[in-house]
Amino acid sequence: MAIAYVALGSNLGDKKKNLQRALMLLMQQGVDVLQVSGYFATEPYGVTDQPQFLNAVCKVRTNLEPVALLRTLLATELAMGRVRLRHWGERNIDLDLLLYENVVMQTPELTLPHPDMQNRDFVLLPLLDIAPELEHPLLHKTVREMAAELNK
Ligand SMILES: Nc1ncnc2c1ncn2[C@@H]1O[C@H](COP(=O)(O)OP(=O)(O)OP(=O)(O)O)[C@@H](O)[C@H]1O
Ligand SMILES: Nc1nc2c(c(=O)[nH]1)N=C(CO)CN2
């Protein structure tokens, strides 16, 4: 069994319900959700002329390999009728794989750790909630340290 961290985000429709439904669907597919952060209302990052997001992260336990877990996240998005209006834009649900144990990989389908996680408040704030001492396997910084650097 492996431990992984998944980011959840929504800024279309009933955002809270969307996050809750995604968590339920993951559990129904055999992904053990061990811990869920608080839900954080966050300002849009990247493309700023869009509604606030609701973001969270969860800690999961799974016997799926990294790519299989990513495909489960994508299948969950599709099951929820994934709506995306533009790149980095509005979406009813977005699920990103942040970390999978200490796996480091880069393929067209999957990059681990998620390449932009250290730059995203909307990822680090919820991670601070459940895993402040978790270490980034490439940067060798904890979540607490990455969050402090981002807010300098
Ligand atoms: N760690 C990862 N987590 C999620 N998707 C990833 C990851 N690494 C690579 N990908 C690939 O990125 C593709 C596009 O992802 P997506 O459409 O969610 O991008 P985005 O949400 O617009 O931007 P971002 O990934 O920067 O949040 C996915 O189909 C997936 O194959
Ligand atoms: N605050 C916030 N901003 C974003 C988000 C998100 O989940 N939260 N997702 C994006 C596309 O991946 C782009 N910008």
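Quantities reported herein were computed from a predicted structural model and do not represent experimental measurements. (Residues numbered from 1 in each chain as written. Chains lettered and ligands numbered in written order. Predicted model: local features only at pLDDT ≥ 70, side-chain atom pairs only at ≥ 80, totals over all residues. Heavy atoms only, no water.)

J.: Outline the nonpolar core, listing residues and values.
T.: L8, C58, V60, L69 and L97 are the most contacted members of the largest nonpolar core, which has 25 residues in total. Those elements that provide at least two residues to this core are β1 (2-10), α1 (15-28), β4 (53-62), α2 (66-79) and β5 (94-100). With 5 residues, the single largest contributor to this core is α1. Excluding anything up to four places from it in sequence, C58 contacts A4, Y5, V6, L8, L23, V33, Q35, V36 and I130. If you look at the next biggest cluster of nonpolar residues, it comprises 15 residues, including L99, M117, L127 and V143. (Core = buried A, V, L, I, M, F, W, Y, C linked by side-chain atoms within 4.5 Å. Buried < 20%, exposed > 50% of the residue type's maximum accessible area, 1.4 Å probe, protein only. Helix = DSSP H or I, 4+ residues; strand = E, 2+ residues; numbered from the N terminus. Contact = heavy atoms within 4.5 Å.)

J.: I'd like to hear about helix α4 (residues 143-150), residue by residue, with values.
T.: Within α4, the full set of buried residues consists of V143, M146 and A147. One side of α4 carries all its buried residues, which in axial view fall inside an arc of 100°. Tucked into the core, α4 has its buried residues touching α3 (121-130). (Arc of directions from axis to C-beta.)

J.: Help me get a handle on α2, residues and values and all.
T.: Between its first and last C-alpha atoms α2 spans 20 Å; for 14 residues at 1.5 Å apiece the expected length is 20 Å, and the two agree. Along α2, the positions that sit buried rather than exposed are P66, L69, L70, T72, L73, T76 and E77. Buried residues of α2 fall within an arc of 155° about the axis and therefore sit on the same side. Buried positions along α2 lie against β1, α1, β4, β5, β6 (105-106) and β7 (111-112). (Expected span 1.5 Å × (residues − 1).)

J.: Can you explain the packing of aromatic side chains? Please cite residues and give values.
T.: Overall, the coordinates contain 2 aromatic pairs when judged by the stated rule. With centroids separated by 5.3 Å and ring planes inclined at 40°, the aromatic side chains of Y45 and W88 adopt a geometry described as tilted. With Y45 in the loop between β3 (40-42) and β4 and W88 in the loop between α2 and β5, this residue pair connects regions lying 43 residues apart in the sequence. Residue W88 is classed as partly exposed on the basis of its relative accessible area of 35%. (Phe/Tyr/Trp six-rings, centres within 6.5 Å; stacked < 30°, edge-to-face > 60°.)

In short, geometric facts, not functional conclusions.
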